[in-house]
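# Structural description and commentary
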Amino acid sequence: MAKYEYDIGVIGGGAAGLTVASGSAQLGAKTILFEQEDKLGGDCLHYGCVPSKTLIHSADAYNGLLNMENLGLPSVKQSPVAFSRVSDRIQNVIDTIQVHDSVERFNELGVEVAFGAVEFVDSHSVKVAERIVTAKKWLIATGSSPFIPSFEGHEFCLTNREIFSLSELPEHLIVLGGGAIGIEMAQAFARLGSKVSLIQRSVQILSREDKDLADIVMQALVADGVEFYLEHTVDKIEKQNNEHQVTILDNKGNRISLNSSHVLAAYGRKANVKSLELEKAGVKYNEKGVPVDSRLRTNVKHIYAAGDVTGKYQFTHAAGYEGGVVITNAIMGLPRKVNYQWMPRCTYSDPEFAVIGKTEKELQAEGQTYSVWTEDFKNNDRAQAEDAVAGKIKLLLSSKGKPLGVHIVGRNGGDLLAEWVAVVNGKLKLSTLAGAIHAYPTQAEINKRVVGQYFSKKLFSDKMRKALKLIHKYQGRAV
Ligand SMILES: Cc1cc2nc3c(=O)[nH]c(=O)nc-3n(C[C@H](O)[C@H](O)[C@H](O)COP(=O)(O)OP(=O)(O)OC[C@H]3O[C@@H](n4cnc5c(N)ncnc54)[C@H](O)[C@@H]3O)c2cc1C
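Residues numbered from 1 in each chain as written. Predicted model: local features only at pLDDT ≥ 70, side-chain atom pairs only at ≥ 80, totals over all residues. Heavy atoms only, no water.

Contact geometry of helix 6 (residues 180–192) with helix 7 (residues 211–223) gives a least axis separation of 9 Å together with a crossing angle of 25 degrees. The orientation of helix 6 relative to helix 7 falls into the category roughly parallel. Read as a crossing pair, helix 6 and helix 7 show a hand that is left-handed. Every residue of helix 7 that contacts helix 6 at Ile 183, Ala 186 and Gln 187 is listed here: Val 217, Ala 220 and Leu 221. (Axes fitted to C-alpha atoms, helices over the stretch in contact; angles between N-to-C directions. Helix = DSSP H or I, 4+ residues; strand = E, 2+ residues; numbered from the N terminus. Parallel < 35°, antiparallel > 145°, perpendicular 65-115°, else oblique. Left-handed = near helix turned anticlockwise from the far one by under 90°. Contact = heavy atoms within 4.5 Å.)

This is the structure we're talking about:
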């Protein structure tokens, strides 16, 4: 008789959990999946990627109407945005995609789905309501929640859980935090017609990225009307009737008071570990989340963790990738380690900011030698034709000419990065990219052009000129 009811129990029905549950069941493992909300899909579908990108698309379309004259078209008189209709559209898109993550679909794949908040009883058993469930292996894929520092009045902040379903467009939105979520939301609401102010503690937005490129994105948001308070932190928020008075402090302690209709906290995320009773399973965790080894095992080797809860790369594609690694280790029994060297990321502002590999900041901190190659979108014919000239590509190469990092700030930067995803993962030579024929006119030509910069420096070098002079001398040349 089997010692446990299931081969694997998965806690959390988001990107990581769904990947592992469907893969495990399809490989024949007896699988149970738990989700505490009443629908599968997790943050990405309900409160993250999907609603944010849907909102951004509506905002971009509305903003496009403002710029009709730039395209030689008649100007259009716009009515103000009725946000409830935008949020209805967001919900429709979520509902359509939800079909992929329906209970029926997972049941058909062989997964048993149960709803309810799970807590561990011991390292092989969990409790859901009054039911005890045992499994040989477990995956913790409980994701993350918005982090809000505990300043006075923090409870007045909206988060990504409320912002997409507002009934009215905020008159004045104050965004706290200049990371990817804060930047995307600030631009989208500014484009929809809200007055937007953004408070950011550090000296630049998107503080992980190189400042020269982050500044290009910031300039685009300034042009959309976003007001920035860099090197400022929130002291307190007071609510008077429907107004919020937000007091912020600069780095010298000076105070400014701002009034707003809404405040959005976009400070970052905290791992969902508290309610899991991890102590009872003997699983260690810290303020970042659940630490795992390179095979995504926690300190209790039959309990795995993947996705945002590990506190590492908090992206849907990272959660999906890690899910695959868990399946290989836990279900197929093959040792497979994670490799994050080429984990891409993208901020979906306009222009988008897409990155793979290292930043200059990181290379400098490591003391690595590198060269920088850039190409502006304004030199790209398609970008000119489409009035999308803001931004550039920056390629960082090792002394041996190997890519260390690729950064694209430009319209559709995330899609343009895909060619680099193939180049670095396939270990392609840069000469292959330089020699590959790209369709004209496409923005993707910028990938070939930036590599061309590197090769033309070699091609038109003194060394090459001297070599050719010798050849010409030998062959005789026209007079
Ligand atoms: C506004 C916003 C925009 C984003 N945009 C992007 C983007 O464009 N691209 C991108 O790659 N990433 C984006 N992300 C990040 C992305 O949403 C997350 O990285 C991804 O959802 C992580 O997946 P996960 O499976 O780890 O966690 P989740 O998707 O959060 O799933 C965890 C699930 O576990 C459940 N759960 C928690 N505790 C328990 C419990 N005790 N018992 C049972 N169930 C439990 C939760 O209810 C949840 O459904 C965005 C995030 C936000 C907030």
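After that view of the structure, there is still more to cover.
Now for the environment of Ser 22. Residue position: Ser 22 is located in helix 1 (residues 15–26). For Ser 22, a relative accessible area of 14% translates into the label buried. Separated by 71 residues in the primary sequence, Ser 22 and Val 93 place their C-alpha atoms 23 Å from one another. Of the polar contacts made by the side chain of Ser 22, one reaches the backbone oxygen of Thr 19; its length is 3.3 Å. (Buried < 20%, exposed > 50% of the residue type's maximum accessible area, 1.4 Å probe, protein only. Polar contact = N/O pair within 3.5 Å; in protein donor to acceptor, adjacent residues only side chain to side chain.)

Spatially, 3 strands are ordered 11-12-13 in an open sheet, and the strand pairing comes out antiparallel. With one partner strand each, in any of the chains shown, strand 11 (232–240) and strand 13 (255–260) form the two edges of the open sheet. Within this sheet the neighbouring strands show an average axis-to-axis angle of 25 degrees, counted without direction. When strand 12 (residues 243–250) meets strand 13, the two strands line up antiparallel, connected through 6 bridges. Among the inter-strand pairings, Leu 249 is bridged to a residue of strand 13, identified as Arg 255. (Pairing = 2+ DSSP bridges.)

With that settled, the discussion passes to empty space enclosed by the protein. Taken as a whole, this structure holds 1 cavity of 30 Å³ or more when the rule is applied. As for the largest cavity, its lining consists of Ile 56, Ala 59, Asp 60, Glu 184, Gln 187, Ala 188, Arg 191, Tyr 348, Ser 349 and Asp 350. Taken together, the elements giving at least two residues each to the lining of the largest cavity come down to helix 3 (49–66) and helix 6. The biggest single contributor to the lining of the largest cavity is helix 6, with 4 residues. Here the lining of the largest cavity is built from residues that sort into 4 nonpolar, 2 polar and 4 charged. (1 Å grid on protein atoms, 1.4 Å probe; cavity = no way out; pocket = protein on both sides within 12 Å on 5 of 7 lines; lining within 4 Å. Points joined across faces, edges and corners; volume = space filled by probe spheres on them. Nonpolar A, V, L, I, M, F, W, Y, C, P; charged D, E, K, R; others polar.)

We now examine the pattern of salt bridges. Taken as a whole, this structure holds 23 salt bridges when the rule is applied. Between Glu 184 and Lys 53 there is a salt bridge whose closest N-O contact spans 2.9 Å. Separated by 131 residues along the polypeptide, Glu 184 in helix 6 and Lys 53 in helix 3 bring together distant segments of the chain. Residue classification places Glu 184 among the buried residues on the basis of a relative accessible area of 6%. Ionic contacts of the salt-bridge type, sharing partners, join the residues Asp 60, Arg 191, Asp 224, Asp 350 and Arg 411 into one network. (Salt bridge = Lys/Arg side-chain N within 4 Å of Asp/Glu carboxyl O.)

What follows deals with the state of the cysteines. Counted under the stated rule, the structure contains 1 disulfide. Here Cys 44 connects covalently by a disulfide to Cys 49, the sulfurs 2.4 Å from one another. Because the torsion about its S-S bond is -130 degrees, the bridge between Cys 44 and Cys 49 counts as left-handed. (Disulfide = S-S within 2.5 Å.)

The next subject is the sheet that holds strand 14 (residues 262–265). One open sheet holds the 4 strands; their spatial order is 10-9-8-14, and the pairing between them is parallel. At either margin of the open sheet sits one strand with a lone partner, and together these are strand 10 (227–230) and strand 14. Averaged over all pairs of adjacent strands, the angle between their axes in this sheet comes to 15 degrees, without regard to strand direction. The sheet contact formed by strand 9 (residues 195–200) and strand 10 spans 4 bridges and is parallel. Within strand 10, the residue paired with Ser 197 across the bridge is Glu 227. The sheet contacts of helix 6 involve strand 8 (172–176), strand 9, strand 10 and strand 14, and relative to strand 9 the element is tilted by about 165 degrees.

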